[in-house]
Amino acid sequence: MALFKKRGMAEEGFKILPEHIGIIMDGNGRWAKKRGLPRTAGHKAGADVFEKICKECGRLGIKEVTFYAFSTENWKRPKEEVNTLMRLFYDFLIDAKERLTDSGDLRIRFAGEREGIHPELLKLMDEAEFETAQRKGTLVNLAINYGGRQEIVSAVNKLIAKGKTEITEQDISSHLYTMPDCDLIIRPSGEERLSNFLLWQAAYSEFWYSDVLWPDFDIKDLHEALHEFENRNRRFGG
Ligand code: FPP
């Protein structure tokens, strides 16, 4: 892993890489609209970019990357759009193990509430997690049915169930879905907000925004965000 990381850093000239990147894949609908296509076409194009960026993170030796794929609020979208997104997750997971081997042995993990997700999709997520668990490459967290507030509430409820009457920051951190503090949050599409993503983990995140719509997001955009990150002066409040 260390060697792999060094290689990626040296090749691209990065002095430092974020350990955990969060990516809000936004702008699929607008991308489709600009082309006179249904919104679902934007999501399909976005799924290809998701895979490309996963592989590039693997190639660079990024430790962990969390993709915001479906929020707890996204259920309110039209049924056809929700079904298309679920189908895309399904199609990706069905052979994800094979598809992600060529870029540093990526691992897959699910982050979100299981309730509400179709049992067949849950089964595939469990299998993908299990089958890639021993790998050493980038950990790809798929945030599906994910909400930052929901994540914190669920952590607190777990602590209450354990009989805790007083809690520390560490207690909450260790009862979240598992993602560590996030170093860099990338949001394309011109929107500059967090939208209930990684609320706890973003306490000291650096943010990188861009007008590019997610289906047009390219490896050069990722590199641009990473180069900007290495020049940020992070003080963590100190
Ligand atoms: C927000 O853009 C995007 C989503 C709600 C879905 C993101 C999901 C994908 C890109 C598919 C990922 C695929 C896999 C396999 C993980 P929007 O549709 O709200 O865009 P808009 O703001 O332009 O309408």
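For the structure itself, look to the data block above.
Reading the values: the criteria
Residues numbered from 1 in each chain as written. Predicted model: local features only at pLDDT ≥ 70, side-chain atom pairs only at ≥ 80, totals over all residues. Heavy atoms only, no water. Helix = DSSP H or I, 4+ residues; strand = E, 2+ residues; numbered from the N terminus. Expected span 1.5 Å × (residues − 1). Buried < 20%, exposed > 50% of the residue type's maximum accessible area, 1.4 Å probe, protein only. Arc of directions from axis to C-beta. Contact = heavy atoms within 4.5 Å. Pairing = 2+ DSSP bridges. Axes fitted to C-alpha atoms, helices over the stretch in contact; angles between N-to-C directions. Near = heavy atom within 4 Å. Polar contact = N/O pair within 3.5 Å; in protein donor to acceptor, adjacent residues only side chain to side chain. Areas by Shrake-Rupley, 256 points an atom, 1.4 Å probe, with all protein chains shown as cover. Nonpolar A, V, L, I, M, F, W, Y, C, P; charged D, E, K, R; others polar. Phe/Tyr/Trp six-rings, centres within 6.5 Å; stacked < 30°, edge-to-face > 60°.

Undergrad: Would you explain helix α7 (residues 148-161) in this entry?
TA: Note that an α-helix has 3.6 residues per turn; residues three or four places apart therefore point the same way. Spanning 14 residues, α7 covers 20 Å between terminal C-alpha atoms, matching the ideal 20 Å at 1.5 Å per step. Inspection of α7 places Gly 148, Glu 151, Ser 154, Ala 155 and Leu 159 among the buried residues, and these make up the whole buried set. The buried residues of α7 all sit within an arc of 140° when viewed along its axis, so they share a single face. Seen from the buried face of α7, the exposed residues on the opposite side, beyond 90 degrees, are Arg 149, Ile 160 and Ala 161. Next to the buried residues of α7 lie β4 (139-146) and α8 (169-173).

Undergrad: Whenever I open this one, the sheet that holds strand β1 (residues 20-24) confuses me. Can you help?
TA: Adjacent strands of a sheet pair through backbone hydrogen bonds, lying either parallel or antiparallel. Spatial strand order, β3-β4-β2-β1-β5-β6: six strands in an open sheet with parallel pairing. Each edge of the open sheet carries a strand with a single partner, namely β3 (107-111) and β6 (206-209). Pairs of neighbouring strands in the sheet enclose a mean axial angle of 20°, with direction left out of account. Pairing analysis gives four bridges linking strand β5 (residues 184-187) to β6, with the strands arranged parallel. Bridging across to β6, Ile 186 finds its partner in Trp 208. Docked against the sheet, helix α3 (residues 39-60) engages β1, β2 (64-71) and β4, running at close to 165° with respect to β2.

Undergrad: Any chance you could explain the site of the ligand here in plain terms?
TA: Contacts to the ligand come from 20 residues, most closely from Met 25, Arg 30, Arg 39, His 43 and Arg 77. Taking Arg 77, its side chain carries an N or O atom lying 2.8 Å from an oxygen atom of the ligand. Burial of the ligand by the surrounding chains reaches 92%, relative to a free accessible area of 640 Å². Of all the elements in the fold, those that place two or more residues in the shell around the ligand are α2 (28-34), α3 and α4 (79-94). A per-element tally of the shell around the ligand places α3 first, with five residues. Its residues placed into classes, the shell around the ligand shows 10 nonpolar, six polar and four charged.

Undergrad: What exactly am I supposed to notice about the environment of Pro 180 here?
TA: When you line up the elements, Pro 180 lands in the loop between α8 and β5. Given a relative accessible area of 34%, Pro 180 falls into the partly exposed group. Between the C-alpha atom of Pro 180 and that of Phe 67, which follows or precedes it by 113 residues, the distance is 14 Å. With residues up to four places along the chain from it excluded, the contact list for Pro 180 reads His 20, Glu 64 and Gln 201.

Undergrad: It is not clear to me how the packing of aromatic side chains should be interpreted in this structure. Could you clarify?
TA: The description of an aromatic ring pair rests on the distance of the ring centres and on the angle between the ring planes. Within the structure shown, the criterion is met by 12 aromatic pairs. On the basis of an interplanar angle of 55° and a centroid distance of 5.7 Å, the ring pair of Tyr 204 and Phe 236 is categorised as tilted. Placement of Tyr 204 in the loop between β5 and β6 and of Phe 236 in the segment after α9 (219-230) is noted, with a sequence separation of 32 residues between them. Judged by relative accessible area, which is 49%, Phe 236 ranks as partly exposed. Ring centres of Trp 214 and Phe 217 lie 4.9 Å apart, and the angle between their planes is 25°; this geometry places the pair in the stacked category. Accessibility expressed as a relative area gives 1% for Phe 217, which makes it buried.

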